[in-house]
Amino acid sequence: MNGKTREKVVRVSAPATVGNMGSGFDVLGMAIDGPADVISAGFKGKPGVSIYNNTSCGLPVNPLRNAAAKGVMTLLGKVEAGVPGLKIVIEKKIPPGGGMGSSAASAVASVVAVNELLGKPFSREELLPFCLDGEEAASRSRHADNVAPCLFGGICLTDPSDPGRVISLPVPGFLHVCLVYPALKVKTSDARRILKKQVPLADAARQWSRVATLVAGLYAGNAEWIGQGVEDRLIEPQRSPLIKGFLQVKEAALSAGALNSSISGAGPSVFALCDNRQTAEKAGNAMQKAFEKQGVHSTVVVSLPNTTGARILESL
Ligand code: HSE
């Protein structure tokens with residue numbers, strides 16, 4: 001490695017994501033053009049991975065618990081020895097515990113940045129397991145419904161029994177997302193722990209019909225099917241008590257003309273899908289007002305799905 005290479009810095013942005021998309025617990029996710037984590041990676045004389053947090057939110061300093069560090073450490077374990085120490089600087093723009101795929105974004109951005117820094121020893125597809133290691137370190141679960149769309153962009157279907165298997169689904173041009181992030185915190189690990197481990201067969205059948213309807217709607221570009229397919233009667237009723245005002249917020253989205261609305265990831269963010277921007281903006285205002293009525297301040301993001309995934313901003 002020459003002196004110039006040693007000074008190289010790569011900066012990567014990775015988008016927020018809506019995990020589950022309602023009915024697709026742990027299997028469906030969508031990247032959005034909203035907040036994104038930005039991570040810079042460079043070499044450092046001191047061996048190991050050193051993490052610097054450039055933002056005020058607290059993140060685990062233990063690399064084994066830090067989403068941005070853990071994936072990089074497993075990636076380094078797979079490349080030839082001789083890589084000097086790495087310095088990773090996190091600009092955290094996606095609030096942790098918000099249900100917008102914050103840990104996935106940090107994991108993806110750092111892995112993509114380090115891969116670029118090392119001269120791309122792995123393809124983007126090959127990076128997925130490392131990103132999942134980062135996600136697992138932070139959320140204690142290896143679900144890919146945030147990591148996959150964050151890495152590849154668009155809407156992804158993933159397989160919990162084989163997290164490396166990802167199918168990219170079509171993104172209809174009319175689809176707009178409204179994401180409302182309340183000033184509440186829900187830890188993904190807590191929101192997973194409360195879920196019942198057994199599902200009655202009739203409820204499971206209804207749920208997989210919804211997931212299939214959503215996937216059919218995406219392929220057909222059928223807004224009505226997409227709306228019906230988001231309906232989640234399995235996980236949403238168990239998690240909604242963790243989100244103050246959820247039912248009123250969902251109702252506000254539906255009254256404003258959204259195709260449907262549900263919890264984003266493990267919450268507390270609430271998303272609505274709409275078939276045009278004007279309705280998405282109307283839904284966002286109505287949802288924000290509904291939270292306000294419950295005394296909960298919130299932030300609204302209206303966007304198109306992000307179709308590019310993690311992006312290299314600088315490689316100098
Ligand atoms: N599928 C995950 C869950 C997403 O619902 O727990 C967490 O962001």
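This structure is a prediction, so every number in the text was calculated from the model and none was measured.

### Focus on the domain arrangement of the protein chain
Taken as a whole, the protein chain is organised into domain 1 (3–169 + 306–315) and domain 2 (176–303). The centre of domain 1, based on its C-alpha atoms, is set 25 Å off from the matching centre of domain 2. Taken together, the contact between domain 1 and domain 2 spans 28 residues of the former and 34 residues of the latter. Both faces combined, the contact of domain 1 with domain 2 buries some 2,200 Å², and carbon together with sulfur accounts for 67% of it. The largest contributions to the domain 1 side of the interface with domain 2 come from M21, S23 and F25, which together make up 23% of the buried area. Viewed at the interface, domain 2 and domain 1 are joined by 1 salt bridge. Between R192 and D26 there is a salt bridge, and its shortest N-O distance comes to 2.7 Å. At the junction of domain 1 with domain 2, the criterion picks out 13 residue pairs in polar contact (both at pLDDT 80 or more). Mapped by element, the contributors of at least two residues to the side of domain 1 that touches domain 2 are β1 (9–19), β2 (28–44) and β6 (166–169).

### Examining the nonpolar core
In terms of nonpolar packing, the biggest core is built from 62 residues, with M30, L75, V108, L127, L175 and L273 touching the most fellow members. Ranked by residues supplied to this core, first place goes to helix α3 (residues 102–117) with 9 residues. Counting contributing residues per domain, this core is built from domain 1 (3–169 + 306–315) and domain 2 (176–303), each supplying no fewer than three. The residues touching L175, leaving out its near neighbours within four places in the chain, are M30, I155, L218, I226, L259, L273, C274, L304 and P305.

Calculation criteria
- Residues numbered from 1 in each chain as written.
- Predicted model: local features only at pLDDT ≥ 70, side-chain atom pairs only at ≥ 80, totals over all residues.
- Heavy atoms only, no water.
- Domains from an automatic or database assignment.
- Contact = heavy atoms within 4.5 Å.
- Buried area = accessible area lost by both parts, 1.4 Å probe.
- Salt bridge = Lys/Arg side-chain N within 4 Å of Asp/Glu carboxyl O.
- Polar contact = N/O pair within 3.5 Å; in protein donor to acceptor, adjacent residues only side chain to side chain.
- Helix = DSSP H or I, 4+ residues; strand = E, 2+ residues; numbered from the N terminus.
- Core = buried A, V, L, I, M, F, W, Y, C linked by side-chain atoms within 4.5 Å.
- Buried < 20%, exposed > 50% of the residue type's maximum accessible area, 1.4 Å probe, protein only.

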